[in-house]
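Observations on the three-dimensional arrangement
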Amino acid sequence: MTRHTLVNLASPCRDAFRVEGFRFSPRQRNDADTSVAIVAGLNGHELAQMHAAAQLVSFLQTHQAEDPNFITGDILIVPAVNTFGFNMGERHWPLDKTDINAMFPGFDQGETSQRIAHHLFEHLKGFEWGIELEDRRDQYDCMPYLRMINSGFEDKKAASYFGLQFAHHRDFVPSDAGSLQYNWSVWHTKSYGLVFGNKQQIDNNTTHQVLDALIRFLAKVGAIRTKIFEGYATNVITQDAITLIPSQRAGVFEPRQRVGNFVKKGDLLGKVFDALDGSIREKIYAPVDGLITCHYHYPLIYQNTIAYRMISIV
Amino acid sequence: MLETLVTIELPVGESYQLKRHRFTPTDESLNHGKRISIVSGTHGDEVEGIYVITMLAEWLKVNSDKVRGTIDLYPSLNSLGIDSITRTVPFYQVDLNRIFPGNARDTFPNQMAFGIVEAIKGSDIAIDIHASNIFLRELPQVRIAATYAESLVPLAKKLNMDFIWVHDAITVLEATLAHSLNSLGTRTLVVEYGVGMRLTPSYGQQLLTGILNLMASEGILAMDTLPVREPCYSDHGKVYYINAPAAGIFVPAMDHCQLVHAEQLIGHIHDPYGVHDPVPCLTPGRGVLFTLREYPIVYEGSLIARIFDDQTGVCQ
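From a predicted model like this one, the values you see are computed outputs, not experimental measurements.

1. Here's the deal with the pattern of salt bridges
Residues and elements named next belong to chain B. Under the definition given, this model contains 33 salt bridges over all chains. Asp72 is paired through a salt bridge with Arg20; the nearest N and O atoms lie 3.7 Å apart. Taken together, the residues Asp72 in strand S4 (residues 70-74) and Arg20 in strand S2 (residues 15-23) connect sequence positions 52 residues apart. Using a relative accessible area of 0% as the deciding quantity, one classes Asp72 as buried. Taking the shortest distance from any N to any O, the salt bridge between Asp309 and Arg286 comes out at 2.9 Å. Remark: Arg286 occurs in the loop between strand S14 (279-282) and strand S15 (287-293) and Asp309 occurs in strand S17 (residues 303-310); sequence separation between them is 23 residues. Classification of Asp309 by relative accessible area gives buried; the value is 8%. Salt bridges here are not isolated pairs; linked through shared partners, they connect Glu3, Arg20, Arg22, Arg35 and Asp72.

Here is the structure:
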C-alpha cells in the first residue's frame, strides 16, 4: 500500500487542507486485472462512509501483508474528502458552504471547491469501476442500497456483485450534473453510489454489512483474491416499485416499524403526536404490502414529509 | 390585499406561510389583464429585494389609481431563512433555488418550491430579486440564460440596471425558480446587486425606478415611462474572472464599480502570520469592475473580482 496526498490546499489560518488516498496494486502494476476507485466523505457528515472506507483500507493492508498475491487489481481508496467539514461538523465546504459533490468534474481556474473537485478528479479518472460511499441528503434511516443513474454507462449485472438486497436504478436529474458518480460515468467509469447510514452516526452492524459488500465486489471484479460468502441476489428496482408514505401532519414522529420489516396493507407504521399537548395527530398505516426500506429518522417531522419508503413486487 | 397561498404545518406550534400582497385596480373594469410577480428572499441571507418590494408596496398604496393590471409582491419566499440569516432552508440545509419546480409529495423545501411555482405561474412577467451572497458586492445587473435571451433582453433593458449578463445554460441551473417559470411561459428576469445581509439603498432606488418603468411600458401602470440608463450587454464584450492565487486576507486597493485598465492593482492577499509577502491581484484586462470581493478571508480560488470588457463603448 502507498499513501498519497491527492489534494493539498493552503488555508489562511489553520492547517492545510489535504485529501489522502490509499493505493493498492499488484506487485507489478501492469499485471492489474482491473481498477477500482472508492471515495467516501465528500461531505463532512458522512462518518459511517469514512469509517467503512477506512476499515476497508485496514482490511486490504492486513491481507496484503499476509499474502503478496492478495491484490490483483489497482485499487484507490479515499476515505475522507471534506476533512475540514468533518472536523467542524459541517456538511459542506466550511467557508462558502458549497457542496464539493456538486462541483465535478471541477475547474482548475474556478472557485475553491471547484479546484478541489478538479484536483481530486484528476486522480479518479480512468478507473474501470468507481464507487461513491454516501449518505442520504435528507433525514432517513435506510437499508444499504446501491444507486445507479441512467447514463448509458451503468452496469446492472455487476451491481449484483455487492450482494446487497436492492439496487435502485433511476433516471438522471439536474442535481446529478455535478456529482462524482455521474461524472465518473461521463468519463466511462462504471460507477455506483452505495448509500447507507445516518448523518453523523456510525452503526457497527451497517459498517460490517457495507464492508462485506465492498470486499465481495472487489473479489468478483478480480481486484483481490479471497473467498467470501455469497450475498443476496440483488433486486434491481425502479421508481414504479417504490411507495412513498407521507405524514399528513407535523409533530413528534414515533416510528413503529424498522427498515427491513415486511408489512401488510393496513399495518401501523408510525404515529405523529402534537408536540405541545401530546395528543395523537395521526396514525400512519401501510397502504400496500411490501418491505420497509427507509423511515424518517428525526423526532420532529414536517407536514407531508415522507415518513416511510416501501418497495413492493410489481 | 394580503393573501396566504400556501400553509405547511411545522412540527412545533407554527406554520410556514407563503404570503403575497396583491394590487389590482380599484375599478376592475380598468384591469387590462396583465399580471406581474415581484419576488425575493429565496436565499435567507439576501435582503436587498425585500427593501425594493417594501418600497414598491408603499408606492402602490399611494398610487393605487395608476394600477391597470395585477401586481403580486412576494418579499420573502424563504421566510424561515430570512428570519434567521440562513441562506438555505433551515434544518434541511437545502438551497431553495436549486430544487425548483419542487414536489408536493417530498421534503418541506420541495413542498415550498412546489407551492411557490403554483402561486406565481400564469404571471406574464416575474422579477426574481437577489442580492449577492456575503462574499461579493455586485453592480446592479440582470442575469439571463442564453436560451431565453431573445424574449428577456428587451424586458431587461427597461429595468434601469447597469449590466445585462447573458450566460450559458448550465444543467444545474435548470433547478432555479427562474428556469421553472420561464419554461412555464412566465418571462422571468433574475436581478442581482449589492451584497448579502446588507442594504444598498441607492441600488434599491435604481431598481424601483426600473420596475415602475417596466410596468408603465407594459401597461400595468397608467403613467409615462421613466428615463432609465442604458445597460452594458455581455453579448458585446468579454467577462474576466479573477480568482485568488493564494490563501489569506484580501484587502482591496480599489472601489467597486469603476473602469479599470489591464495590469491594474485590485488588491493584495496578505498572510495573517506575515511570513509570506503580500500577493498582488491584478486586472487581466480593461473594463468595468462589476464584482468585487467583500468578505476578506480567501482560499486559493475564492472569487476576487469580475470585469466586463465592453466592446461597444456603452460602459465607458
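2. Looking at the interface of chain B and chain A
Between chain B and chain A, the residue contacts involve 36 residues of the former and 40 residues of the latter. Summing both sides of the interface, chain B and chain A together bury roughly 3100 Å²; the carbon and sulfur share of this comes to 60%. Its largest share of buried area at the contact with chain A, chain B owes to Glu9, Pro11 and Tyr299 of chain B, together 25% of the area lost on that side. On inspection of chain B and its partner chain A, the count reaches 3 salt bridges. Looking at the side of chain B that touches chain A, the elements that each hand over two or more residues are strand S1 (2-9), helix H3 (108-120) and strand S16 (297-298) of chain B.

3. Here we look at the domain arrangement of chain B
Residues and elements named next belong to chain B. The assigned domain composition of chain B is domain 1 (2-230) and domain 2 (237-310). Each of domain 1 and domain 2 has a C-alpha centre, and these two points are 30 Å apart. With 12 residues of domain 1 at the contact, the number on the domain 2 side is 14 residues. Of the roughly 1200 Å² buried between domain 1 and domain 2, counting both surfaces, carbon and sulfur atoms make up 67%. By the criterion of area lost to domain 2, the three top residues of domain 1 are Phe135, Arg137 and Trp165, representing 44% of everything that side buries. For the pair domain 1 and domain 2, the number of links is 2 salt bridges. Two residues, Arg306 and Glu138, come together in a salt bridge whose shortest N-O distance is 2.5 Å.

The rules we used
Residues numbered from 1 in each chain as written. Chains lettered and ligands numbered in written order. Predicted model: local features only at pLDDT ≥ 70, side-chain atom pairs only at ≥ 80, totals over all residues. Heavy atoms only, no water. Salt bridge = Lys/Arg side-chain N within 4 Å of Asp/Glu carboxyl O. Helix = DSSP H or I, 4+ residues; strand = E, 2+ residues; numbered from the N terminus. Buried < 20%, exposed > 50% of the residue type's maximum accessible area, 1.4 Å probe, protein only. Contact = heavy atoms within 4.5 Å. Buried area = accessible area lost by both parts, 1.4 Å probe. Domains from an automatic or database assignment.

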